[in-house]
Amino acid sequence: MNKLKVIILAAGEGKRMKSKLPKVLHKVQGRTMVDHVIDAAERAGAGDICVVVGHGAQEVKEALKDRNVKFALQEKQLGTGHAVMQAGDFIEEGADILVLYGDTPLITPETIGKLLDFHEKEGNSISIISAMVDDPAGYGHIIRNEKGEFLKNVEHKDASDEEKLVKEINTGIYCFTGEALKKGLSLIKNDNAQGEYYLPDTLEIILKEGGRVNAMIAEDAGEFAGVNSRMQLAEAESYMRKKINRFHMENGVTMIDPERTYIEAGVKIGCDTVLLPGVVLEGDTVIGEDCVVGPDSRLTNVKLGNNVKFQYSTAIDSSVDDNTTVGPYAYIRPDCSIGKNVKIGDFVEVKN
């Protein structure tokens, strides 16, 4: 298998977010959207990641200063093809180049892995992730021939009435061979109404040049939802929360009301623990076995031992050992270490 390099496009302004914060720095389940995408790329085996920044470039760089990524700057936003061109020095012949987006935080390493396997097995120059959707309006349609082979990608506004009925859409996520990407970028033009360079134009170019292009249909179209507004941010949050809650329930955790249980991605919970409604678990929280947490309790970077009862209370950056009861209405402030078999009573505040 070729070396995998990943380009993450994160230069957009996100006007519809109505925010001072660069779009990709908005958080889903406690982590920035671009962090989720970097995580997925790393877990899928990316050896080298380049983030293309533009609007709020300095803020994005600062937010990612502890991540092992390179940066390329897109000063003017002139389309997705133009964005990838800014990472030209990063593109390497003999490597596979995966293109992802900083505002699609729901993509999983498993799906990326399937695309890489598909790309290698088919011997493609470009592999596309496609998805089946009920309403394809606004997306590129994947058009296939009678044998089911990829023929072209047609944007909705340019599609014929017949093509508009095709429900297989282009998610915009691609895996290129380094050679195909270099060639495609050298040949795309900006002779369109917007004067922009579009990455999907490389598909037809590479086909005409004799390369092989094909699309892999993903199992879950929800993974590719881009976040362009606060409404879509809430939808992404809900999608990821359901996934995280399902994971914990499948691993032996009881949730009385999963719709009112908020667990961030890094949290660990032991089996036979019960979470009551209104629980918020954040950061690096670790909960042992046979605990009862909630209702209406918040733990941020907290370690609970086994058989802890924690109700109507808040704890931050602290630990609570086995067989201890906390609350109701207790507040454990940072840097506390509560021992075994302790009771922290009603309306008690503990610090240091």
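Residues numbered from 1 in each chain as written. Predicted model: local features only at pLDDT ≥ 70, side-chain atom pairs only at ≥ 80, totals over all residues. Heavy atoms only, no water.

**Student:** Help me understand the overall build of the protein chain in this model?
**Tutor:** Check the secondary structure of the protein chain and you find 8 helices and 28 strands. With the C-alpha coordinates aligned to their principal axes, the bounding extent of the protein chain is approximately 75 × 40 × 40 Å. For the protein chain, buried positions account for 50% of its 352 residues. Relative to all contacts within the protein chain whose residues are 6 or more apart in sequence, the contacts with residues 24 or more apart total 46%. (Helix = DSSP H or I, 4+ residues; strand = E, 2+ residues; numbered from the N terminus. Buried < 20%, exposed > 50% of the residue type's maximum accessible area, 1.4 Å probe, protein only. Contact = heavy atoms within 4.5 Å.)

**Student:** Just checking my understanding: could you explain the sheet that holds strand E27 (residues 343-344) for this structure?
**Tutor:** One key point about sheets: their strands pair by backbone hydrogen bonds, in either a parallel or an antiparallel sense. Overall, parallel pairing links the 6 strands, which are arranged E12-E15-E18-E21-E24-E27 in an open sheet. Edge positions in the sheet fall to strand E12 (254-255) and E27, since each has one partner strand and no second. Alignment of strand E24 (residues 325-326) against E27, held across 2 bridges, turns out to be parallel. Counterpart to Val 326 in the pairing with E27 is Ile 344. (Pairing = 2+ DSSP bridges.)

**Student:** Explain the pattern of salt bridges here, please?
**Tutor:** As a working rule, side chains carrying opposite charge can pair if their charged atoms are close by. Tallied over the full model, the rule gives 19 salt bridges. Between Arg 67 and Asp 35 there is a salt bridge, with the nearest N and O atoms lying 2.6 Å from each other. Of the two residues, Arg 67 sits in the loop between helix H2 (57-63) and strand E5 (70-73) while Asp 35 sits in helix H1 (residues 33-43), which places them 32 residues apart along the sequence. The same class applies to Arg 67 as to Asp 35, namely buried. (Salt bridge = Lys/Arg side-chain N within 4 Å of Asp/Glu carboxyl O.)

**Student:** I'm lost on the sheet that holds strand E20 (residues 303-304) in this one. Help?
**Tutor:** Spatial ordering of the open sheet is given by E14-E17-E20-E23-E26, a layout of 5 strands whose pairing is parallel. Across the chains shown, the open sheet's two edge strands, defined by having one partner strand only, are strand E14 (268-269) and strand E26 (337-338). Relative to strand E23 (residues 319-320), E20 is paired through 2 bridges, and the arrangement is parallel. Paired with Lys 303 across the two strands is Ser 319, which belongs to E23.

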